[in-house]
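Now for the letters of each chain:
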Amino acid sequence: MQNKFLQIPLPLNLLSNKIASNRKASAISDSSNSINPEDRNFHDWYRFVLSYPPHLVRDYFSDFGLTEESVVLDPFCGTGTTLVESKLNRIKAIGIEANPFPCFASTVKTNWNVNPEGLADIAAHIADDTYSKLADQGIDDRAMVCQGRVNLITLDANAMKALIKNSISPLPLHKSLVLLEAINGYKTTPFHKYLLL
């Protein structure tokens, strides 16, 4: 069976109309780049700062008349908004991303072969474990209180050099590392990559 690919030229008038429409909507409401409530389950659990909203992708699918017979190529797929929307709309999609972290995020977000109840149970267990470990150290993270002097853990010197200077304070870094340690307790499970993301 031979695959047929349709190359759709980018109609500049459609694009400029879409931009004008988005600008107009943006002037009315600054929420044009926000995620609609119905999109939160798939898109709000990890969202990159430069992401565009899923409803924009759906608008383009509709504008270009894409169907289940179509194939979408996203050569800069980032964290996978277009890929997830393609999957939700049963449209085949191919994503390419050179940056390792967004590539990881899009790979995880588009792999739906996970038991959601099992993931939720483990996430709740990790949260309880982490709160408990922090409380034992004098950090009540629910009340945002730190009592006494706490011996904070940190990254090694080389890893610290990779961080943007003053981008994270010592206490949030400590709490993140305690959480990461709890997550890494599940490295051998199919849930680990979802927990990391």
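Our structure's up above, just so we're on the same page.
Residues numbered from 1 in each chain as written. Predicted model: local features only at pLDDT ≥ 70, side-chain atom pairs only at ≥ 80, totals over all residues. Heavy atoms only, no water.

Peer 1: Quick one: what's the story with the packing of aromatic side chains, residue by residue and with numbers?
Peer 2: Taken as a whole and assessed by the stated rule, the structure comprises 2 aromatic pairs. Ring centres 6.4 Å apart and planes at 40° place the aromatic pair F101 and F104 in the tilted group. With F101 and F104 both in helix α5 (residues 100–109) and 3 residues apart, this pair spans about one turn of that helix. When its relative accessible area of 27% is taken as the criterion, F104 is described as partly exposed. Between K87 and the ring centre of W112, over which it is positioned, the NZ or CZ distance is 4.6 Å. (Phe/Tyr/Trp six-rings, centres within 6.5 Å; stacked < 30°, edge-to-face > 60°. Helix = DSSP H or I, 4+ residues; strand = E, 2+ residues; numbered from the N terminus. Buried < 20%, exposed > 50% of the residue type's maximum accessible area, 1.4 Å probe, protein only. Lys NZ or Arg CZ within 6 Å of the ring centre and 35° of its normal.)

Peer 1: Lay out the pairing of strand β2 (residues 92–95) with the relevant residues and their values.
Peer 2: As defined by bridge partners, strand β1 (residues 71–74) adjoins β2 across 4 bridges and the pair is classed as parallel. Considered in β2, the bridge of D74 is made with G95. Remark: the β1/helix α4 (residues 81–88)/β2 crossover connection has right-handed handedness. (Pairing = 2+ DSSP bridges. Right-handed = clockwise from strand over helix to strand, strands pointing away.)

Peer 1: Mind laying out the nonpolar core, listing which residues take part and the relevant values?
Peer 2: Ranked by size, the top nonpolar core spans 13 residues in total, and within it L119, I122, I126, Y186, F191, L195 and L197 carry the most contacts. Elements supplying a minimum of two residues to this core: α5, α6 (116–136), α8 (170–184) and α9 (192–196). Here this core takes 3 residues from α6, the largest share from any one element. Ignoring anything within four residues of it in the chain, the contact list for F191 reads V114, N115, G118, L119 and I122. (Core = buried A, V, L, I, M, F, W, Y, C linked by side-chain atoms within 4.5 Å. Contact = heavy atoms within 4.5 Å.)

Peer 1: Give a detailed account of the packing of α6 against α8, specifying residues and quantitative values.
Peer 2: Interaxial distance between α6 and α8 falls to 9 Å at its minimum, and their mutual angle equals 135°. The angle between α6 and α8 places the two elements in the oblique class. α6 and α8 meet at a crossing whose hand is right-handed. Residues I126, T130, K133 and L134 of α6 touch α8, and the partners they reach there are H174, K175, V178, L179, E181, A182 and I183. Here the contact of α6 with α8 is composed, by residue class, of 6 nonpolar, 2 polar and 3 charged. (Axes fitted to C-alpha atoms, helices over the stretch in contact; angles between N-to-C directions. Parallel < 35°, antiparallel > 145°, perpendicular 65-115°, else oblique. Left-handed = near helix turned anticlockwise from the far one by under 90°. Nonpolar A, V, L, I, M, F, W, Y, C, P; charged D, E, K, R; others polar.)

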